Amino acid sequence: MRTALSSLAVVRPRSLAQALRALAAPDGERPVPLAGGTDLLVYLNAGTHRGRRFLDLERLRELRGIRVGRPGVTIGALATFREIRAHPVLRRRFPALVAAAAEVGALQIQARATLGGNIANASPAGDSLPVLLAHDAVVLARSRRGARAIPFADLYRGYRDLTLASDELIVAVRLPFPPAGAVPFFRKVGTRRAQSISKVVFCGLLRRDARGRTDHVRLAWGSVAPVTLRARAAEAALLGKPPAAAAAAAVAALAGDLAPIDDIRSDRAYRSAVAANVLAQFLRAATPGRAR
Ligand SMILES: Cc1cc2nc3c(=O)[nH]c(=O)nc-3n(C[C@H](O)[C@H](O)[C@H](O)COP(=O)(O)OP(=O)(O)OC[C@H]3O[C@@H](n4cnc5c(N)ncnc54)[C@H](O)[C@@H]3O)c2cc1C
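This structure is a prediction, so every number in the text was calculated from the model and none was measured. (Residues numbered from 1 in each chain as written. Predicted model: local features only at pLDDT ≥ 70, side-chain atom pairs only at ≥ 80, totals over all residues. Heavy atoms only, no water.)

Q: Got a minute to help me understand the overall build of the protein in this structure?
A: The helix and strand inventory of the protein stands at eleven helices and 14 strands. Whereas a compact globule of 292 residues would reach a radius of gyration of roughly 19 Å, the protein reaches 20 Å, a difference of no more than 12%. Each of the three principal axes of the protein carries a C-alpha extent, and together these read 60 × 45 × 30 Å. Counting every position in the protein, which comprises 292 residues, the buried fraction comes to 51%. Within the protein, contacts between residues at least 6 apart in sequence are counted, and of these 60% link residues at least 24 apart. Carbon and sulfur atoms provide 52% of the accessible area of the protein, an area that totals close to 14,100 Å². A gap of 5 Å separates the mean positions of the 45 positive and 21 negative side-chain charges of the protein. (Helix = DSSP H or I, 4+ residues; strand = E, 2+ residues; numbered from the N terminus. Rg over C-alpha atoms; globule rule 2.2 N^0.38 Å. Buried < 20%, exposed > 50% of the residue type's maximum accessible area, 1.4 Å probe, protein only. Contact = heavy atoms within 4.5 Å. Areas by Shrake-Rupley, 256 points an atom, 1.4 Å probe, with all protein chains shown as cover. Lys, Arg positive; Asp, Glu negative; His and termini not counted. Charge placed at Lys NZ, Arg CZ, Asp CG, Glu CD.)

Structure follows, in structure tokens:
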């Protein structure tokens with residue numbers, strides 16, 4: 001049954017310190033972080049969220065902004081996908097993240113939905129997650145107990161199971177600049193072109209050395225396992241070889257990396273076939289002169 005909004009309490013801290021104090025409350029009194037609300041309001045509308053006290057993050061300046069430094073970019077947890085799409089440095093240096101941001105819902109959702117919310121919601125279909133994994137992102141978390149830098153690869157233990165503690169907030173995400181010359185690639189496959197949840201979502205990053213052999217590769221997938229994951233066997237099949245020459249072996253190895261399920265959106269066989277096609281497409285794109 002739909003949750004009556006009048007039964008909910010919202011705490012509106014003015015600073016990160018106040019927010020962390022509220023989150024240090026004992027279990028049962030601890031409020032649930034609320035960012036853009038584009039996931040939480042859906043759960044409340046469906047009556048599937050048990051939270052009754054919420055911590056509105058809107059006023060926390062510490063969680064805002066996109067800062068460019070020498071080794072990379074730090075994106076505040078409250079950065080919306082609209083802000084990510086519009087940012088000139090992200091457009092130039094992280095085109096796969098910008099492409100993912102452009103595929104999250106429609107413009108109205110992109111104007112509210114935050115990167116921190118996408119990560120903490122922990123859906124294996126979250127569109128930004130394979131991009132963060134492929135780019136070796138680090139999640140910066142804070143609680144009253146201190147600060148932690150969590151490699152994105154270590155963030156999820158299992159289906160919707162985060163290593164983030166309930167008194168911790170995501171404050172930002174750090175993205176190192178990709179290796180010079182690496183080719184980025186993002187592909188989301190859904191039921192239709194716009195406004196659909198991913199059946200398969202992929203981010204690849206591949207660099208070739210002076211002799212054309214792959215010396216850096218990341219193949220990160222969403223919606224094909226309980227968590228976002230890297231296809232390590234397929235990556236190993238590519239390393240040290242020209243991508244075109246190793247493409248068939250990488251596609252064959254991919255089947256062992258993924259664990260797609262049958263669900264209402266798609267079935268295992270379809271997801272496996274689409275993932276193989278997407279990988280082949282990426283490897284063609286990463287090889288100059290090859291038709292896509
Ligand atoms: C119509 C519609 C279409 C959508 N389409 C897509 C899509 O195409 N692709 C996609 O990936 N998603 C999609 N979504 C889901 C949603 O928009 C995203 O997951 C979004 O990024 C969530 O961010 P938010 O700020 O709205 O999070 P909220 O709803 O505010 O929060 C989501 C979760 O994250 C937690 N949280 C939020 N911020 C923090 C923080 N800083 N620290 C710790 N915990 C935090 C909250 O407690 C909650 O558990 C869609 C949603 C709707 C309603």
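The structure having been displayed, the exposition proceeds.
Q: Even after reading the chapter, I still don't get the packing of helix 10 (residues 243-257) against helix 11 (residues 268-285), so can you show me in this structure?
A: Each pair of packed helices gets described by two things: the angle between the helix axes and the distance between those axes. Running from amino to carboxyl end, helix 10 crosses helix 11 at an angle of 160 degrees, the nearest separation of the two axes being 10 Å. Regarding the angle of helix 10 to helix 11, the classification is roughly antiparallel. The handedness of the crossing between helix 10 and helix 11 is right-handed. Residues Pro243, Ala247, Ala250, Val251 and Leu254 of helix 10 lie in contact with helix 11, whose contacting residues are Ala275, Ala276, Leu279, Ala280 and Leu283. For the contact of helix 10 with helix 11, the per-class residue count stands at ten nonpolar, no polar and no charged. (Axes fitted to C-alpha atoms, helices over the stretch in contact; angles between N-to-C directions. Parallel < 35°, antiparallel > 145°, perpendicular 65-115°, else oblique. Left-handed = near helix turned anticlockwise from the far one by under 90°. Nonpolar A, V, L, I, M, F, W, Y, C, P; charged D, E, K, R; others polar.)

Q: It is not clear to me how the site of the ligand should be interpreted in this structure. Could you clarify?
A: By nearness alone, 29 residues border the ligand, and Pro33, Gly36, Thr38, Asp39 and Thr114 come closest of all. Protein coverage of the free-state accessible area of the ligand, which is 990 Å², stands at 85%. Mapped onto the shell around the ligand, the elements with two or more residues apiece are strand 2 (32-34), helix 2 (40-46), helix 7 (115-121) and strand 10 (169-176). Sorting elements by how many residues they give to the shell around the ligand places helix 7 first, with four residues. Here the residues of the shell around the ligand are counted per class, giving 15 nonpolar, ten polar and four charged. (Near = heavy atom within 4 Å.)

Q: I'm lost on the packing of aromatic side chains in this one. Help?
A: Any aromatic ring pair is given by two values, namely how distant the centres are and how the planes are angled relative to each other. This structure, assessed with the given rule, holds six aromatic pairs. With centroids separated by 5.3 Å and ring planes inclined at 45 degrees, the aromatic side chains of Phe185 and Phe282 adopt a geometry described as tilted. With Phe185 in strand 11 (residues 183-189) and Phe282 in helix 11, the pair connects residues that are 97 residues apart, well separated along the chain. Within the aromatic cluster, the residues linked to one another by ring pairs are Phe185, Phe202, Trp221 and Phe282. Taking the ring centre of Tyr270 as reference, the NZ or CZ of Lys199 above it sits at 5.3 Å. (Phe/Tyr/Trp six-rings, centres within 6.5 Å; stacked < 30°, edge-to-face > 60°. Lys NZ or Arg CZ within 6 Å of the ring centre and 35° of its normal.)

Q: Could you clarify how one ought to interpret the environment of Arg144 in this entry?
A: Residue position: Arg144 is located in the loop between strand 6 (138-143) and strand 7 (146-151). Excluding residues that lie within four positions of it along the chain, Arg144 makes contacts with Leu20, Arg21 and Ala24.

Q: Sorry if this is basic, but what is going on with the pairing of strand 10 here?
A: Where a strand is regular, its side chains alternate between the two sheet faces. Burial analysis of strand 10 places six of its eight residues in the buried class, the great majority of the element. As judged from the five bridges shared by strand 5 (residues 72-76) and strand 10, these two strands associate in the antiparallel manner. Counterpart to Ile75 in the pairing with strand 10 is Val173. Where strand 6 lies against strand 10, five bridges are found, and the strand directions are antiparallel. The residue of strand 10 that forms the bridge with Val138 is Arg174. (Pairing = 2+ DSSP bridges.)

It is worth stressing that arrangement in space is one thing and function is another; only the former is reported here.
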